Amino acid sequence: MSNTEQRRGFLKAGSIAAATGFVSNLLGGNAAAQHPILNSPSPTLPDSPTLNSEYDGFSRFKPSRGLDPDSDYYIGKLVPGFRKASDGPAPFEAPDVPKMPYKMDGGVKVFELVPMAVEQEFHPGVKMNVYGYNGSMPGPTIEVTQGDRVRIIVTNELPEDTFMHWHGFELPVQYDGAATLTQNPIKPGKTKVFEFDIHEEGTFFYHSHVAMQEAFGQVGWFIVHPKKVFGPPVDRDFGLLFQNFHIPPTHTISDSWAMDWNWHTINGKSGPYTTPLVCKHGERVRVRLLNFSPMQHHPVHLHGHTFWVTGHEGARIPKSAWVPRNNELVGVAQASCFELIANNPGDWIFHCHMVHHMMNHMVKQVGPRIRDDASVDQYLANLSSRPQVDASRSAKFDVPGYPQKMQGMEMSSDFMKAIWSRKEVRGMRANYPMSVKGLMTVLRVLPDDLYDLVMNSDQDVEKGAVFAEIVRRFGDPSKYEAAPKMMM
Ligand SMILES: [Cu+2]
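Rules and cut-offs
Residues numbered from 1 in each chain as written. Predicted model: local features only at pLDDT ≥ 70, side-chain atom pairs only at ≥ 80, totals over all residues. Heavy atoms only, no water. Buried < 20%, exposed > 50% of the residue type's maximum accessible area, 1.4 Å probe, protein only. Helix = DSSP H or I, 4+ residues; strand = E, 2+ residues; numbered from the N terminus. Contact = heavy atoms within 4.5 Å. Phe/Tyr/Trp six-rings, centres within 6.5 Å; stacked < 30°, edge-to-face > 60°. Lys NZ or Arg CZ within 6 Å of the ring centre and 35° of its normal. Pairing = 2+ DSSP bridges. Axes fitted to C-alpha atoms, helices over the stretch in contact; angles between N-to-C directions. Donors = N, O, S within 2.8 Å, 3.2 Å for Na, K, Ca; no water. Patch = residues over 30% accessible without salt bridge, like charges linked within 9 Å, V, L, I, M, F, W, Y side chains within 5 Å. Areas by Shrake-Rupley, 256 points an atom, 1.4 Å probe, with all protein chains shown as cover. Salt bridge = Lys/Arg side-chain N within 4 Å of Asp/Glu carboxyl O. Lys, Arg positive; Asp, Glu negative; His and termini not counted. Charge placed at Lys NZ, Arg CZ, Asp CG, Glu CD. Polar contact = N/O pair within 3.5 Å; in protein donor to acceptor, adjacent residues only side chain to side chain.

A. Fine view of helix H4 (residues 413–420). Buried residues of H4: Phe415, Met416, Ala418, Ile419 and Trp420, and no others. The secondary structure elements touched by the buried residues of H4 are strand E6 (115–123).

Written as structure tokens, this is what we have:
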């Protein structure tokens, strides 16, 4: 189908929707609008004759067109992004993590890194005490280009010794930071300077080489772009850094000796406070995913798309060995690069598939743990006198194992205000915070006009409006169910 035919199809869908009143009142304060979002009935599909939107049977703009596995364009394998290679690499973007500034000294990029105790807000108002760098956990991202020379000045503001390790780099051994094997500790208040050439490209990281400091959060991205931009060029280069902590309900300090882990963060935030990755329909997207959990692996799953595993922490994999997947197991201290064509508009959950990683302390006790009108705090304070189980609530308790469904979440109105204050979530379904928990985030694939509305405009966007508009254009509006109105 040509672009023109596609546009006609969407126009038709749009007029049906408008006739049934489906799209009325999508935007706050604009109840009369027939086509409320940017007053445009047509989706913004690139129409340029120079833009090839069909590749050997694969469409940049439609899902599920894999076709011949021997084709270069099988499931979008070598479909390029819109960005030209001559524009250089797409800048790396790890939501919620700052980038580390640097100064040039001759030909050397000079960074200043400060190991320190950090208060990190895992959830709105939920501030945890961890270790990080430069006031951030994870530490700020170092982003360089293959061939650079870097000098990293490390000043230890912790009250204890630390070591700095540059994970994966081929560097002179005295700078490797392996505790006492290659160097003496950096004492509290002292500075050590590391200087080396960057030979490789890929997804690297820096971290303390003291095990308990690692478990306490001390890690940061160290991204090296290749000297020559890889083909096919990507439009987006996102990073998701996964960590686990054990923090009892009444504490703010992680127990780095724990064997189980109840708080799960992506770039230092827990779902639903993780910030969605937002891209435009048709773009080529890379996601670098680093698992820096102390001891748990993460099978990471993306909905609605097939991605290619194109690299790990070492370097890019030759194209012939790329693997198409929708779930990739990322082991401890491993990084994986996923590349995909964002050909399926919508809000797609991107999450670890281990059930205990898909929640935090937002889940009230279920099953036999339901206590009679008592708080978690109360029975943790006195383990010998736990309140009675209250199994009398309904006949459903006769069903073995009932209940297992989440019974509620600790979400105050301030909490919800903070969740919805970020531009990246504008127009998502009203109840989205109930489904994005723990090691979860969202990949939002938006047509150009909706991308601009969400990311670049000051326009008031009602909850659910962008999602409903995507269903109107690309889905089945007659079957659409709006989210129930709740405090969300
Ligand atoms: Cu996991």
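Moving on from the coordinates now.
B. The packing of aromatic side chains, seen in detail. Summed over all chains, the structure comprises 21 aromatic pairs. Relative to Tyr73, the ring of Tyr55 lies with its centre 5.0 Å away and its plane at 55°, an arrangement referred to as tilted. One end of the pair, Tyr55, is in strand E1 (residues 54–55); the other, Tyr73, is in the loop between strand E2 (58–59) and strand E3 (92–93), and 18 residues separate them in sequence. Classification of Tyr55 by relative accessible area gives buried; the value is 8%. A centroid spacing of 5.9 Å and a plane angle of 50° characterise the contact between Phe169 and Phe196, whose relative ring orientation is tilted. With Phe169 in the loop between strand E10 (164–167) and strand E11 (191–197) and Phe196 in strand E11, this pair connects stretches of sequence that are 27 residues apart. The two residues Phe169 and Phe196 agree in class, both being buried. An aromatic cluster is present here, built from Tyr133, Trp166, Phe169, Tyr175, Phe194, Phe196, Phe204, Tyr206 and Phe222 joined pairwise through their rings. Just above the ring of Phe194 sits the side chain of Lys192; from NZ or CZ to the centre is 5.6 Å.

C. Region of interest: the sheet that holds E10. Across the sheet, 4 strands lie side by side as E8-E13-E12-E10; this open sheet has mixed pairing. In the strand order of this sheet, the two ends are held by strand E8 (139–145) and E10, each with one partner. Across this sheet, the average inter-strand angle for adjacent strands is 20°, counted without regard to direction. Sheet analysis places strand E12 (residues 202–208) next to strand E13 (residues 219–225), joined by 6 bridges and oriented antiparallel. Counted as the bridge partner of Gly202 is Val224 from E13.

D. Inspection of the coordination of the copper ion at higher detail. Looking at the metal site, the copper ion is ligated by His298 (ND1), Cys352 (SG) and His357 (ND1), spaced 1.9 to 2.0 Å from it. For the copper ion, the single-chain donor residues occur in sequence as H-x53-C-x4-H. The same class applies to Cys352 as to His357, namely buried.

E. Region of the structure containing a negative patch on the surface. On the surface, Asp56, Asp68, Asp70 and Asp72 cluster together into a negatively charged patch. Secondary-structure assignment places Asp68 in the loop between E2 and E3. Using a relative accessible area of 42% as the deciding quantity, one classes Asp68 as partly exposed.

F. Expanded view of the sheet that holds strand E18 (residues 298–302). Taking strand neighbours across the sheet as the criterion, the 5 strands line up as E16-E24-E23-E18-E21 in an open arrangement whose pairing is mixed. A single partner strand is all that each edge strand has here, and the edge strands are strand E16 (277–280) and strand E21 (327–330). Strand-to-strand, the axes of this sheet are offset by a mean angle of 20°, without reference to chain direction. Of the pairings in the sheet, the one linking E18 to E21 comprises 4 bridges and is antiparallel in character. The residue bridging His301 from the neighbouring strand is Asn327, located in E21. Relative to the sheet, helix H6 (residues 465–474) contacts strand E23 (346–352) and strand E24 (440–446), its axis offset from that of E24 by approximately 50°.

G. Here's a closer look at the side chain of Thr441. Tracing the backbone shows Thr441 in strand E24. At 3.4 Å, the side chain of Thr441 forms a polar contact with the backbone oxygen of Thr275. Beyond its immediate chain neighbours, meaning those up to four positions away, Thr441 contacts Leu240, Ile266, Thr274, Thr275, Pro276, Trp348, Ile349, Phe350 and Val436.

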